[in-house]
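Tertiary structure, described
Below are the chains, spelled out letter by letter.
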Amino acid sequence: RHMESVTLSTGWVCTPIAIPTPSRQPLSAVLDTGANQAWWDDEKVQKHYDTLSLLHKRQVDDLLKDKKRLITTGYRRKRNGRTRLEVRFDGIAGCLRTPRGGSARQIVVYLDRGKLKIRWMSAVEYARLQGVGDFTLLPNEREMLFGFGDAVCVPVIRWIDDCVLTPIAADIRNSNKSRSAKRNK
């Protein structure tokens, strides 16, 4: 309501926009856990496990000890001059980045009843997280990661279209019809 009384210096106008409804599906619906995934070997898993902070290591160890199942994401970051694997425990995937530089890519972390499995997130999973769903992807995984990394997700564009663009276009159409009808009188 307050924005209705504001005159923007840009000349733009404010329109009433519905607040988007959160739609959060669990990562388990998006990330693949099957044996046919490119899981890293024990040596590479250990190397990344060793880079966990004490807090994250404790959280992972507790889940492993309890033989819990958790599919989540992580990413490598530089902290105090050291590379760290940072694992998310909140059910949210971090920013989907392009594969340039390597460390910005999302990592899938799967705690499977006492076993720690780690691998790079696939382009198919990037697509699902961006709201694209399953479809036939190009054979070049790297190109697909560039396509979906740093992209705008489909549900966001759909919401902008439904709540902003289509109503504005309808207003313009109605306004033009109204002006045309007045001229024809």
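All of the points below concern the structure found in this document. Since the model is a prediction, treat every value here as computed from it, not as a measurement. (Residues numbered from 1 in each chain as written. Predicted model: local features only at pLDDT ≥ 70, side-chain atom pairs only at ≥ 80, totals over all residues. Heavy atoms only, no water.)

Details of a positive patch on the surface
Defined as follows: Patch criteria: residues need more than 30% relative accessible area and no salt bridge. Like-charged residues are merged within 9 Å; nonpolar side chains of Val, Leu, Ile, Met, Phe, Trp and Tyr are merged within 5 Å. Computed by Shrake-Rupley with a 1.4 Å probe, the accessible areas treat only the displayed protein chains as cover when residues are assessed. Here, a salt bridge means any side-chain nitrogen of Lys or Arg that lies within 4 Å of a carboxyl oxygen of Asp or Glu. The positive count covers Lys and Arg only, the negative count covers Asp and Glu only, and His and the chain ends enter neither. Taken as the charge location is NZ of Lys, CZ of Arg, CG of Asp or CD of Glu. Numbering of helices and strands runs from the N terminus, with a helix taken as a DSSP run of H or I at least four residues long and a strand as a DSSP run of E at least two residues long.
Where like charges cluster on the molecular surface, the positive patch consists of Arg-179, Lys-182, Arg-183 and Lys-185. Tracing the chain through its elements places Lys-182 in helix H5 (residues 154-183).

Considerations on unusual backbone geometry
Most peptide bonds take the trans form, and the phi angle of most residues other than glycine is negative. A positive phi is found at Asn-80, a non-glycine position, where the angle reads about 50 degrees. Assignment of secondary structure puts Asn-80 in the loop between strand E1 (69-79) and strand E2 (82-87). For Arg-113, which is not glycine, the phi dihedral falls at a positive 50 degrees. For Arg-113, the position within the fold is in the loop between strand E3 (107-112) and strand E4 (115-120).

A closer look at the pattern of salt bridges
What counts here: Each residue gets one of three labels from its accessible area relative to the maximum for its type: buried under 20%, exposed over 50%, partly exposed in between, using a 1.4 Å probe on protein chains only.
Applying the stated criterion to the full structure yields 10 salt bridges. Across the salt bridge formed by Asp-32 and Arg-128, the nearest N and O atoms sit 3.1 Å from each other. Here Asp-32, found in the segment before helix H1 (42-49), pairs with Arg-128, found in helix H3 (residues 123-129); they are 96 residues apart in sequence, far enough to count as distant. Using a relative accessible area of 23% as the deciding quantity, one classes Asp-32 as partly exposed. Assessed through its relative accessible area of 17%, Arg-128 is described here as buried. The salt bridge involving Asp-112 is made with Lys-117; its shortest N-O contact spans 3.5 Å.

Remarks on the packing of aromatic side chains
How we decide: Ring pairs are drawn from Phe, Tyr and Trp, using the six-membered ring of Trp, whenever the two centres fall within 6.5 Å, and their geometry is named by plane angle: stacked under 30 degrees, edge-to-face over 60, tilted for the rest. Sitting over a ring, as applied to charges here, requires NZ of Lys or CZ of Arg to be within 6 Å of the ring centre and within 35 degrees of the ring normal.
Across all of its chains, the model carries two aromatic pairs by this definition. Ring plane angle 75 degrees and centroid distance 5.3 Å describe the contact between Trp-40 and Trp-120, whose orientation is recorded as edge-to-face. In this pair, Trp-40 sits in the segment before H1 while Trp-120 sits in strand E4, placing the two residues 80 residues apart along the sequence. Classification of Trp-40 as buried rests on a relative accessible area of 11%. Residue classification places Trp-120 among the partly exposed residues on the basis of a relative accessible area of 22%. Across the ring face of Trp-39, the terminal group of Lys-117 is positioned such that the distance to the ring centre comes to 5.8 Å. The ring of Trp-39 has Arg-119 sitting right over it, with the charged end atom 4.8 Å from the ring centre.

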